[in-house]
Structures are given as C-alpha cells and as structure tokens.
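Inside the fold
This is what each chain is made of:
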Protein chains: 2
Amino acid sequence: MRSVVRDKEATKAKLLEAALDEFAEHGIAGARVDRIAAKAGCNKAMIYAYFGSKEGLFDELLKIQIDRMIEAVPITPDDLPNYAGRLFDSYVERPQVLRLAAYHRLENGFDAIPKAEAEAYQHKVEAVAKAQMEGKVSAAFNASDLLDLVVHTSILAFSTPNATRELVERAVRRLIAE
Amino acid sequence: MRSVVRDKEATKAKLLEAALDEFAEHGIAGARVDRIAAKAGCNKAMIYAYFGSKEGLFDELLKIQIDRMIEAVPITPDDLPNYAGRLFDSYVERPQVLRLAAYHRLENGFDAIPKAEAEAYQHKVEAVAKAQMEGKVSAAFNASDLLDLVVHTSILAFSTPNATRELVERAVRRLIAE
DNA sequence: TAGAAGCAACTAACCAGTTGGTTGACAGGC
DNA sequence: GCCTGTCAACCAACTGGTTAGTTGCTTCTA
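All of the points below concern the structure found in this document. Since this is a predicted model, take the numbers as computed values, not measurements.

**With respect to the packing of helix α4 (residues 54-72) of chain B against helix α6 (residues 95-108) of chain B**
Residue and element names in this part refer to chain B. It is at 10 Å that the axes of α4 and α6 come closest, and there the two elements cross at 130 degrees. As summarised for this structure, α4 and α6 are arranged oblique, according to the angle between their axes. Our pair here, α4 against α6, has a crossing hand that is left-handed. Residues F58, L61, L62, Q65 and M69 of α4 pack against V97, L100, A101 and H104 of α6.

Encoded structure:
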C-alpha cells in the first residue's frame, strides 16, 4: 500500500516543481533553497537528502525538462518550418524551460551541455543530413549549420517581445528556400 | 588639475571595468561587490559613493556598454548581411556585452530596456523602412520584424559554439533574398 | 585648510548546508 | 486484533561562513 503523507517520489516531484519556478525566475545563483522548500511545502533538508545540493537539484531538473521537450517536439527534417514553429510554441507554453537553459548556458558555457541533449542533437543532425541527401530539404547549408540556424530562429522570443510563430516559420522557410 | 592618485573619474572607470568582467561572468545575482572592488584596486565603499548600489553600478555599466556598441556598429539598411556580420564580430570581440544584456533581459524582462536602446531601435526600424520604400531591401517582412530577425541572427553564437560570421551573413542574405 | 577621495573595520542580515531527533508505516510474532 | 522493532521520511533549529551596505576616521590636493 502506498503511503499518502510520506511519499518519497511525491516529495521529489513537489521539490522539482517548485524548483522549476524558482530557478526559471531567479537563475541558479539567485535561487533560494529556502523558497524552494517553502513552495514545495516541505523541509529544506529534503533537497539535500534527495538531490545532494542546490546544483544537484538544478541539474536533475534541467535534465528532466530537456528530456520532456525532446520527446514532446520531435524533429521533422522534411518540414523544418513546422519544427521551428512547434519549438516556438513549446517555449511560449512553458517559458521556464527556455529560461532554465539560458541561465545554464550563461553560467556553465557550452562545455556543460547535458549528455541527453548532445545525443539528441547528433541524432537530429543525422536526420537533417539524410533528408538533404534524399533531396527533401535544401543543401544550401550543411546539416549542423542548418539545424543550428533553425533552432536559433525558434528562440526568437528570447530577443524580441514581437516574436510570433508565424514569423519564425516564415524566416525558416526563407532559410531553406531553393 | 594633474591629480594622479585621487581621481574620481579614474576610480569610476576602474570600477566599471572590473564590474564588466564580474557581471558578465557571474550575472547580477552571482556578482560580488567585494570582488569588483578588489579587482578595481579600491575599496568597496567607493561603489556606494559613486553608484549608490550594486544594481546602480550594473545599470550604469549596461547603459555605457550599449551606447558604445550602438555607436561602434551603425546600421546599414541597404546591406543588412554586413550589419549582422559586424554585430557578430563585436560580440566575439567583446563577449561580455552580450552576456550582460542576456542576464539583464532574463532578470528584468523586456519592460526594463534602457531608454537609449529603445530609441536606437526605433531609429533603426525607420531606417530599414526607408530602405524598403526605396526598393533597396526586400519588403518580404515589415521593417521591425526584419530588424528583429537580423539582430537575432547576429547573436547566433549564443545558441551554438559553431557560429561564424560567414554563416550569419549567409543566413541574413537568405532572409532578405527576393 | 576646507573639502573631496579613500579605506579599514564593522554590522546586520542572509544563506547553503548539517544535525539530532521525531513520526508514521509496516512486517512479523503472538 | 494488537503489540513492537525497524527503518525510511521528515523537520525545527542550528552553524559557520558570506554578503551588501555603513561609518568614522585618515590622507591628499587645490
């Protein structure tokens, strides 16, 4: 039988949910473990029991969120404008993930990219390269450059409050025009 | 007149230089006023005498850096690929400015954009619109959308370590292709 | 010599991380 | 059904180091 009051997995989930809001709003350095514990409705010591440290909590949180996004927004190499559009929508729907990743990038650089993300990236480059060889997508850029440009375009909302999905899709359509 | 040791402006300049490195590396929340003072070779109290607070120091620093960049990289509405390329180079040459702006955006959102930046943006939109009316640049996007896309493309190095000036210029060329 | 520039030392608050102990769930003996 | 030993889950209170910001005094220069 499953306990209701004392449930390790439920407590971890509550901490991760609270941490998502806190880290997305204040960054890693600006986040406060006391606020995370209070929002999760449990004691600060639980963070150290389950995640080791503030950084440990952030790392596990980022990994989970990135895995979720990779799964939720699969690449469609023969329809890159749509892929960029779906990425854009997912950032609008869950702005915390983009902010989490941005803070992580700023504070850790490109060297600390999570393994799952690097693997997914490699897989996507190969998918784009395959589509290019099959003539399904422009070969004006090599596969990794093209993927970088498409993904970068999808985070247009990071640069301007006037970004829309439509604008992102039109931009990508021009990138891959023959 | 020829004061060397006790020079208010020189002390402010040293503090601003030290603050640039510190804020760019650690962000606003992660920056430490003690480190800034130590690096500037003066006492922490000087920060409060000349800038009021840690945030006051950051705000003045950001304003100066943005003004400098606006002046150093003027827009050329009839050669947007080159404009994006020069922006890209300036970010590579002085990576701190981009990091400063990124941290500021993450922590303050779009509402806290410095006045000088907003004015320069408006001026650039008008310059692009004029070039479009004169037929010197594609009217496929409206002026502000186009400017947003060009500027966003120029910060490609924020998304990928593989960004080059050449790639940025080629991408912008495609955005404005007829 | 007045006033501006500069600083060592201080303060009060803050914050990540720890500790020592409590509570609740449950297995198994009776 | 009830007692009880065990252990995982949990937390209030604490610790020690850190941090932004202040003050009162000294030093330099016009």
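**A few points about the pattern of salt bridges**
This model, assessed by the stated rule, comprises 17 salt bridges over all chains. The salt bridge partner of K115 of chain A is E119 of chain A, with a shortest N-O separation of 4.0 Å. Of this pair, K115 of chain A and E119 of chain A are both found in helix α7 (residues 115-133), four residues apart, which corresponds to roughly one turn of the helix. Its salt-bridge partner being R35 of chain B, residue E22 of chain B comes within 2.8 Å of it at the nearest N-O pair. Placement of E22 of chain B in helix α1 (residues 8-30) and of R35 of chain B in helix α2 (residues 33-40) is noted, with a sequence separation of 13 residues between them. By relative accessible area, E22 of chain B is classed as buried at 4%. The network of salt bridges with common partners includes D89, R165 and E169 of chain A.

**Some thoughts on the interface of chain B and chain A**
With 33 residues of chain B at the contact, the number on the chain A side is 32 residues. Buried area between chain B and chain A, summed over both chains or domains, comes out near 3,300 Å², and the portion from carbon and sulfur atoms is 63%. Considering only the surface of chain B that becomes buried against chain A, L106, H152 and R174 of chain B emerge as the three largest contributors, covering 24% of it. Scanning the region where chain B abuts chain A turns up zero salt bridges. Where the side of chain B that touches chain A is concerned, the elements lending two or more residues are α1, α6, α8 (143-154) and α9 (165-175) of chain B. Here the side of chain B that touches chain A gets six residues from one element, more than from any other, and that element is α6 of chain B. Tallied by class, the residues present in the side of chain B that touches chain A amount to 19 nonpolar, seven polar and seven charged.

Rules used in this analysis
- Residues numbered from 1 in each chain as written.
- Chains lettered and ligands numbered in written order.
- Predicted model: local features only at pLDDT ≥ 70, side-chain atom pairs only at ≥ 80, totals over all residues.
- Heavy atoms only, no water.
- Axes fitted to C-alpha atoms, helices over the stretch in contact; angles between N-to-C directions.
- Helix = DSSP H or I, 4+ residues; strand = E, 2+ residues; numbered from the N terminus.
- Parallel < 35°, antiparallel > 145°, perpendicular 65-115°, else oblique.
- Left-handed = near helix turned anticlockwise from the far one by under 90°.
- Contact = heavy atoms within 4.5 Å.
- Salt bridge = Lys/Arg side-chain N within 4 Å of Asp/Glu carboxyl O.
- Buried < 20%, exposed > 50% of the residue type's maximum accessible area, 1.4 Å probe, protein only.
- Buried area = accessible area lost by both parts, 1.4 Å probe.
- Nonpolar A, V, L, I, M, F, W, Y, C, P; charged D, E, K, R; others polar.

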